[in-house]
Structure formats: C-alpha cells, structure tokens
Amino acid sequence: SPNDSEANQSYGQFLVKVGRANDAIPYLEHAVKLDPVVREISTGVAYAYDATGDNARALEDYKKIAGKFGTTRSVMGLFWYKLASGDADGALQSIIDFSGMDPRTFNMGPHPEPFVQMYIGAMTHLDDKEAGIGILRHAYDDPALDNSGGMANIAFFSAYFGDPDLSIEAMGKSLHHDTSLMAVIWTRLFQQVRKQPGFKKLVTDLNLVDYWRKAAWPVHCRPVGAEDFECD
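First things first, this report covers the structure right here in the doc.

Reading the values: rules and limits
- Residues numbered from 1 in each chain as written.
- Predicted model: local features only at pLDDT ≥ 70, side-chain atom pairs only at ≥ 80, totals over all residues.
- Heavy atoms only, no water.
- Disulfide = S-S within 2.5 Å.
- Helix = DSSP H or I, 4+ residues; strand = E, 2+ residues; numbered from the N terminus.
- Patch = residues over 30% accessible without salt bridge, like charges linked within 9 Å, V, L, I, M, F, W, Y side chains within 5 Å.
- Areas by Shrake-Rupley, 256 points an atom, 1.4 Å probe, with all protein chains shown as cover.
- Salt bridge = Lys/Arg side-chain N within 4 Å of Asp/Glu carboxyl O.
- Lys, Arg positive; Asp, Glu negative; His and termini not counted.
- Charge placed at Lys NZ, Arg CZ, Asp CG, Glu CD.
- Buried < 20%, exposed > 50% of the residue type's maximum accessible area, 1.4 Å probe, protein only.
- Pairing = 2+ DSSP bridges.

### Some words on the state of the cysteines
Scanning all chains against the criterion turns up one disulfide. Note that Cys221 is cross-linked by a disulfide to Cys231, the S-S spacing being 2.0 Å. In this structure the cystine formed by Cys221 and Cys231 twists about its S-S bond by roughly 105°; its chirality is therefore right-handed. Placement of Cys221 in strand 1 (residues 221–224) and of Cys231 in strand 2 (residues 228–231) is noted, with a sequence separation of ten residues between them.

Here is the structure:
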C-alpha cells in the first residue's frame, strides 16, 4: 500500500526502532505528506534525523512538532534534544514556553505521585549531577514507576546525568513492558550509553543482533568479526 499513510508510518517507525534510521526516512517523509496532522508520524521523522546525526534537521523538526501540536508529549522531543545537546537552560525554556510555568517552581503538594516527584526533582537538579542521579536511583526502586513510561523517563534523565548503567537498566525494564519508546535509544541523548558493554547486552536481549545479521546493520552498530559487534 504505497499511498497508505499508516503502512508507511508503521514500517518507518519499525525501521527507526531497530536502528535503521536512514532507511526509515523515505517512508516517514512520505507518510507525513499523506497525513500531516498525525503527531506520531512527525515525531518519527524527528527521531530518524536525530538518529542519523542530522542535528540541524532534527532540531528544526522537534521545534515544528512542539509548535504545531501543542501537547505535553509534542514538546518533550525538543526538551530531550536540547538536554542531549548540553543546553539545559534551553530545555527548561522549551517547557516554560509551552506551559507558561517553570517546572522548578511547581508545587507538588504534600503527597506527590511518584512520577511527578521524580520528574520535577530531576528537572530541578539539571545542574547537579550527584543530586539528579540520587533522585533517579530512588525512583528506580519504586514499584509505582516500574512501567514503560516511568522506566523510560528514568533512562532518559540518567543518560543526561551521565549514569549509563542506570540508563540501560531502566530502558531494559521499559522495553520489557512496551517497545513504543525504543527509537530513543538511537538518538543523540543515548550517544554515551550506546558505547557501554551493557548496551550490547540490551540489544542482544531484544533479539536485535539476530535481526541485523539477517537484514541490515543499523546506523550506530556494526559487526566485528564473525561473532562480535560494536556500537557508537
């Protein structure tokens, strides 16, 4: 179905998830032309350009998504991209521009939900690596956050704060629940995480290595000899 937006979206997003962002772009770009009002398609394009290292295009797309769709989820791609770029102030400003509120001044109340407590706590300490990691490690042990979204966000923040081992552990738990956020592991945010030995175990456990050997290797990984591989 070459002119079916859902077919192009589904295959394109699959290719981004398995690391083949270059191959995904034509399908996702075509899906956007066919159906430009679906946020998930546009987000998939941004992830793909991010994963290929086309930083200028990725930033442009993340900004478009944030402005076009006007939802919390639509601005988060821009937030994470700016964090990955080392622009913590710009990341926070993207949230402020969207919500009109500085998350660091958010009143969590006497009994905040674990996710809110983790999220606001991490945002409040973007300039304090030790404090940020402490918040995330506490959140990781909270059963209330042992779900796809909770663990994924712990993984994202851990990647930013420089704790790749925690990031890999949390992302593994997230993907065990749901693989919908799998594309993020190929973006700039996970650049240092992908270099860790634990990342090789993560993608092996996801059966990605078997798939790559049969289909095609991704943008950020390549075979080393007959049995091994490396990622960057």
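### Regarding a negative patch on the surface
Taken together, the side chains of Asp89, Asp127, Asp128 and Glu130 present a region of like negative charge at the surface. In this fold, Glu130 is placed in helix 8 (residues 129–140). Exposure remark for Glu130: the relative accessible area of 70% places this residue in the exposed category.

### Brief notes about the pairing of strand 1
Note that strand 1 and strand 2 share four bridges and pair antiparallel. Within strand 2, the residue paired with Val224 across the bridge is Asp228. Once strand 1 ends, the chain turns through three residues before running back antiparallel as strand 2, passing Gly225 with a positive phi of about 70°.

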